[in-house]
Amino acid sequence: MFCPNCGATVREGAQFCAACGGRIGSASAATAAPAQPAPTPNPSAAPAPAPTASIPMPGGAPAAPAPTPVQPAASAAPAGQPAPVPGAPAQPGPAQPVAASPLAKELFSAPNMQTIGIAAAIGFGAALVLSLFPAIAMNSYNSSSFSVTSDSSIGQALNGMFVSGNGINFFHFLFLALAMGLGGGLHYGIIDTSYTSLDASNMTSFPLGLTGVALLVGTAFGAYMFARAKSTRFKYTGLISGLITALLPAVVITLLAAIAAAPIADGSTIVAKYSGATIRTFFMAYLLSALGALAGYALAQYAPDSKTVFGAAWQWAHRVRGFVRTVTAVLAFQLALFFLAGLVALFVTAFSGGEGVMILTFPVTLMMLGSFYFTWATFGAMTISQSGQLPQDASLFSVNLNTTVWPIWLLFVAFVLVTFVVALRTSARNLYDRAYMGWIHSWKSPVAVMVFWLIASLLFEPLSERYTMSHTMSIGPALWYFLVMGIWAFLVEVVALTFGPTMVVSMPGFWPVLVGGTVRATPQQVVDYIHASDGMFGKWPTWGAPSAGVSAQPYAGGTSAPSAGAAPAAPGAPAAPATPGAPAAPMAAPTAPGAAPMAAPDAGATAMTAQQKKYFIIGGAIAGFLVVFGIVYGVLSSSLFSAKSVANNYVAAIASGDYDKASSIANPHVDAAQSVLLTSKASTGENTRITNARISQTTNNSDGTVTAQLTYTLNGKEVSTDSIKMVANGSKFLIFKNWTVAEPLVKTISVYASDAPDGITVNGVKVTAKNATNNDAEDSGTYQLKVYPGIYKVGVPKSDFYSAKTVSVNTNDGNSGTLDVQPTDKLTSAIQDAVDAKLDECAESTEAEPSGCPFSYSTYNSQKYRNFSWSIDTYPEVNYISLSDGSYDTDYDGKVTVKYEYHYYDGWESEDDWNYFSADGNFTIKDGKVTVDLSSSSY
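Residues numbered from 1 in each chain as written. Predicted model: local features only at pLDDT ≥ 70, side-chain atom pairs only at ≥ 80, totals over all residues. Heavy atoms only, no water.

Some thoughts on the overall build of the protein chain
Thought 1: Tallying secondary structure elements over the protein chain gives 22 helices and 28 strands in all.
Thought 2: Surface exposure of the protein chain reaches about 43000 Å², of which carbon and sulfur atoms provide 60%. (Helix = DSSP H or I, 4+ residues; strand = E, 2+ residues; numbered from the N terminus. Areas by Shrake-Rupley, 256 points an atom, 1.4 Å probe, with all protein chains shown as cover.)

Things to note about the pairing of strand β26 (residues 907–917)
Thought 1: Inspection of the sheet shows strand β25 (residues 894–904) paired to β26 by 11 bridges, in the antiparallel sense. Across the sheet, Tyr902 pairs through a bridge with Glu909, a residue of β26.
Thought 2: The loop that links β25 with its antiparallel partner β26 comprises 2 residues. (Pairing = 2+ DSSP bridges.)

Let's talk about the pattern of salt bridges
Thought 1: Taken as a whole and assessed by the stated rule, the structure comprises 8 salt bridges.
Thought 2: Asp433 is paired through a salt bridge with Arg321; the nearest N and O atoms lie 2.7 Å apart. Placement of Asp433 in the loop between α12 (406–432) and α13 (444–460) and of Arg321 in the loop between α9 (309–319) and α10 (322–352) is noted, with a sequence separation of 112 residues between them. In this structure, Asp433 and Arg321 share a single accessibility class: buried.
Thought 3: For Asp800, the salt bridge goes to Lys826, with nearest N and O atoms at 3.4 Å. Residue Asp800 is found in the loop between β17 (791–795) and β18 (802–804), and its partner Lys826 is found in helix α22 (residues 825–843); the two are separated by 26 residues along the sequence.
Thought 4: A relative accessible area of 48% places Asp800 in the partly exposed class. (Salt bridge = Lys/Arg side-chain N within 4 Å of Asp/Glu carboxyl O. Buried < 20%, exposed > 50% of the residue type's maximum accessible area, 1.4 Å probe, protein only.)

Notes on the sheet that holds strand β13 (residues 747–752)
Thought 1: As summarised here, the arrangement of the 3 strands in space is β16-β13-β20, forming an open sheet in which the pairing is mixed. Edge strands, defined here as strands with exactly one partner in the open sheet, are β16 (782–787) and β20 (816–818). Strand-to-strand twist across the sheet, computed as the mean angle between neighbouring axes with direction ignored, equals 20°.
Thought 2: Of the pairings in the sheet, the one linking β13 to β20 comprises 3 bridges and is parallel in character. Residue pairing for β20: Ser750 is matched across the bridge by Ser816. (Axes fitted to C-alpha atoms, helices over the stretch in contact; angles between N-to-C directions.)

Notes on the sheet that holds β17
Thought 1: Spatially, β15-β14-β17-β19 is the arrangement adopted by the 4 strands of the open sheet, whose pairing is antiparallel. In this open sheet, the two edge strands, each paired with only one partner strand, are β15 (765–767) and β19 (807–810). Shown here is a sheet whose adjacent strand axes are inclined to one another by a mean of 30°, direction ignored.
Thought 2: Examined bridge by bridge, strand β14 (residues 760–762) and β17 share 2 bridges and lie antiparallel to one another. The residue of β17 that forms the bridge with Val762 is Val794.

A closer look at the nonpolar core
Thought 1: If you look at the biggest cluster of nonpolar residues, it comprises 80 residues, and the most contacted ones within it are Tyr373, Phe374, Trp376, Val449, Trp453 and Met485.
Thought 2: Apart from residues lying up to four places away in sequence, Phe374 is in contact with Gln334, Leu337, Phe338, Leu411, Phe415, Trp453, Tyr481 and Met485.
Thought 3: Counting 78 residues, the second-largest nonpolar core is a separate cluster that includes Ala643, Leu678, Ile690 and Val741. (Core = buried A, V, L, I, M, F, W, Y, C linked by side-chain atoms within 4.5 Å. Contact = heavy atoms within 4.5 Å.)

Observations concerning the state of the cysteines
Thought 1: One pass over the full model with this rule turns up 1 disulfide.
Thought 2: Residue pairing for Cys842: its cysteine sulfur links by disulfide to Cys853, the two sulfurs lying 1.9 Å apart. Here the disulfide of Cys842 and Cys853 is left-handed, its torsion about the S-S bond being about -95°. In this pair, Cys842 sits in helix α22 while Cys853 sits in the loop between α22 and β22 (865–874), placing the two residues 11 residues apart along the sequence. (Disulfide = S-S within 2.5 Å.)

Comments concerning the side chain of Arg280
Thought 1: With respect to the helices and strands, the residue Arg280 is situated in helix α8 (residues 279–302).
Thought 2: Despite being buried, Arg280 has no salt bridge partner; Glu461 is the closest side chain of opposite charge, sitting 11 Å away.
Thought 3: Polar contacts involving the side chain of Arg280 include one to the main-chain carbonyl oxygen of Gly183, which spans 2.7 Å.
Thought 4: The contacts of Arg280, once residues within four sequence positions are left out, are Gly183, Gly184, Gly185, Met203, Ser205, Phe206 and Leu459. (Lys, Arg positive; Asp, Glu negative; His and termini not counted. Polar contact = N/O pair within 3.5 Å; in protein donor to acceptor, adjacent residues only side chain to side chain.)

Observations concerning unusual backbone geometry
Thought 1: Here the residue pair Lys235 and Tyr236 is connected by a cis peptide bond, since its omega of 5° sits within 30 degrees of zero.
Thought 2: Relative to the elements of secondary structure, Tyr236 occurs in helix α7 (residues 234–259).
Thought 3: At Asn687, a residue that is not glycine, the phi angle is positive and equals roughly 55°.
Thought 4: The topology assignment puts Asn687 in the loop between α20 (659–665) and β9 (691–700).
Thought 5: Unusually for a residue other than glycine, Asn692 sits at a positive phi of about 55°.
Thought 6: With respect to the secondary-structure elements, Asn692 resides in strand β9.
Thought 7: Classification of Asn692 by relative accessible area gives exposed; the value is 53%.

Observations regarding the packing of aromatic side chains
Thought 1: The final tally for this structure, using the stated rule, is 36 aromatic pairs.
Thought 2: Ring plane angle 55° and centroid distance 5.4 Å describe the contact between Phe379 and Phe397, whose orientation is recorded as tilted. Pair noted here: Phe379 is in the loop between α11 (362–377) and β5 (381–386) and Phe397 is in the loop between β6 (392–395) and α12, with a separation of 18 residues, a long-range link.
Thought 3: When its relative accessible area of 31% is taken as the criterion, Phe379 is described as partly exposed.
Thought 4: Judged by its relative accessible area of 55%, Phe397 falls in the exposed class.
Thought 5: Chaining the aromatic ring pairs together yields one cluster made of Phe338, Phe339, Phe374, Phe379, Phe397, Trp409, Phe412, Phe415, Phe452, Trp453, Tyr481 and Trp488.
Thought 6: The ring of Trp908 carries the charged tip of Arg866 above its face, separated from the ring centre by 4.0 Å.
Thought 7: Above the face of the Trp914 ring, Lys895 is positioned so that its terminal group lies 4.6 Å from the ring centre. (Phe/Tyr/Trp six-rings, centres within 6.5 Å; stacked < 30°, edge-to-face > 60°. Lys NZ or Arg CZ within 6 Å of the ring centre and 35° of its normal.)

Quick word on the environment of Ala135
Thought 1: Structurally, Ala135 is set in helix α3 (residues 110–141).
Thought 2: Between the alpha carbons of Ala135 and Phe170 there is a distance of 6.6 Å; along the sequence they are 35 residues apart.

Looking at the confidence of the model for the protein chain
Thought 1: This prediction gives the protein chain a mean pLDDT of 78; 74% of its residues lie at or above 70.
Thought 2: Taken together, the stretch residues 26–93 has pLDDT below 50 and engages in 92 contacts with residues farther than four places along the chain or on a different chain.
Thought 3: The low-confidence segment residues 143–151, where pLDDT is below 50, has 37 contacts with residues more than four positions distant or belonging to other chains. (pLDDT = per-residue confidence, 0-100.)

Some remarks on the environment of Ser887
Thought 1: For Ser887, the position within the fold is in strand β24 (residues 887–890).
Thought 2: Separated by 37 residues in sequence, Ser887 and Thr924 place their C-alpha atoms 8.7 Å apart.
Thought 3: Those residues in contact with Ser887, other than ones at most four positions away along the chain, are Tyr880, Ile881, Ser882, Gly921, Asn922 and Phe923.
Thought 4: Polar side-chain contacts of Ser887 include one of 2.8 Å to the side chain of Asp885.

Comments concerning the side chain of His441
Thought 1: Relative to the assigned elements, His441 resides in the loop between α12 and α13.
Thought 2: Of the polar contacts made by the side chain of His441, one reaches the side chain of Lys444; its length is 3.0 Å.
Thought 3: Apart from residues no more than four positions distant in its own chain, His441 is found in contact with Ala435 and Tyr436.

Put into structure tokens, the structure is as follows:
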């Protein structure tokens, strides 16, 4: 039977409760102790529950435990001394030396020191191993970049979260990732005070990641494993040991973070150190380690009948009663959905943005992403706060959420379903454990849930940055979010106290889902072990009454733990079955009252079953695959698929003269006519290409791009002023970034060749005005040409009529040149012949002013002149040729004779005259032939 005041188990017929001292009364004495439902439930056959009567199990009547009289245990007399007689006065004895405190001897015993060391080592090792994955990703980002193309609060939280820079190696990233994953803080210490842009007050605090969870779970695992094997008491040895255990990983992590401070360099000069050795890192490492160690020690005391801490936590969660059980169930389902939301969000964010390497950051980013989506799905809000600005809340109902909302609504539906299932499981538990059922207890679990989410929202979830003392920013759940979670928890109590029990009874087919919500009986040997170890804290937790003769035993002087060899021997009975059943039968009384507490149940059984070995091998194989995959992925991301690799391939193509390949790697973004020199034909010739080309370093920009610094030799000089800007454009093979050249390595050379009538040649490639980037090339004679870095030899096409000395132009310190084009003697002769032929045509005219000719005869009365005939006595010689505009001039030595008839009073008479003239005009060269025209104004 149970006490109606506190719910503790009391023996049949007792008038007072041994736990709280309250009077039980005759009405309560008739109430049978609630038992667990039978393995084959039939809730539909059960009668309706009543507030004061016990609820029969589905399929049968409740089974009452056998009466267990509790007898106080007498303390054993020390060896060699008579047992004390009750009521007799104490007899003086010989003086005894001052003995060490039994608690101190147990606390600092070799087995407990071993437990402390191993628990700390396992926790630290688990956190360090998990930090390898983000370190690999961060090392990959160091040669590329990371960017989430979104204006949402998620994008603001993720962009710039990972550190990169010159001189940072893998071990820097490892310990930076360790501090980040623990929810610690990072800051940089200034070395060069001349850099005023750096502020020593900076601080970045990260949300808790899976690395911190690994530290907590690993510490709990080690503490449970050895505390259980050594039968270490939790009260007070485990309490103090847990706090001591936490110091070790906290100190080690902080020291390693200080030693592995990452350099921040300007070129080759270190100006600051970026370190995770902060007070927040130490505090978070200590807090998580302490929580894990305390949980491990506590579970070794209160659930020692499991082989691992995971099984112990499962057993404890199913044996605990009252609002603690409700809180445990609510938080367990909520956190499971929290992790699932983070996992889905991580994959979606990584693959949708072409950031496959982001998956390796799961120890740092998964819980943060889960915080965003879980908060939104539960009608909370993420607050973005910046100094000097009003806070901005982003919620599911915000117009500025800037993210796809249907997955959040889907998560909301899943959360409502999970909350309803938890409420029905709570209803099922209340049917069989009515001691903590009622509206009077309904406030307890909501308050506990609110406290949990308040602490999580303030301590574990926000991402904050302090750039200077006056500039801070933080992203995290709104301060009022814990009230929302308290409302959801209260709805669980409302359902459990109203229509929940009716639904449970009316749905027998749903019972396998709800049976896990009922309270399992704590095996009697566990109850006896807890009582014998003096592990009780007042009325809570109520584990049940110990067997007859079992009572709290003091610390045995000189022993390090409750004695493992004292009678009764610890039975190896298994834990209670999953389906509710009757409590385990009480154990036989010890043979000698006052004996030392018994050993932890089944403490010596360490062999794994075949199924456990199978799971261990599968888990190890999966972990090994993930490690190998992460390493291979990191190597490929930082080498073959990195921005630096693409830049190296691009530069190698230019250096080898394969300009066609370079243009295929990076589109030069010029018109087809203007890219005539961006082909492999333009790379021919001796000593025309760059040599010793290499990418000296890469820099990640704040906008997600990467700048690759290039160094090469040109014209006997080393050039280090060029760079290539890279941007991630989609993905390759789903998980690798597709790096492309955003700003190709294209230069401009300028050639002035106004006297080149048929264009010019650049490294043997013919170029005309249409191939220039400037529109006035034909008129100005200046060619602006797009080229790759190199040396370009400029000349003119091979011709019999003009020639020019080759001019060398390079893209470094001599990117312009002038081409001096001169006409050949053959051109002069050809123009002279063409001019003479034109003059002969003019001489055939019978007009006084031959059309288009450089000579004529002026008449004052055309009626008096007739029969003109021309003859050229001397042809003028060509003395000037302009190739720029295709013009020519002659001297003034041309002589022409004209004959005509003039009408006098007595008739027509023959006359003649002569004159000097010159010729000028334009010439053209086409298909190896020269043609000219004559100006009529050159006489």
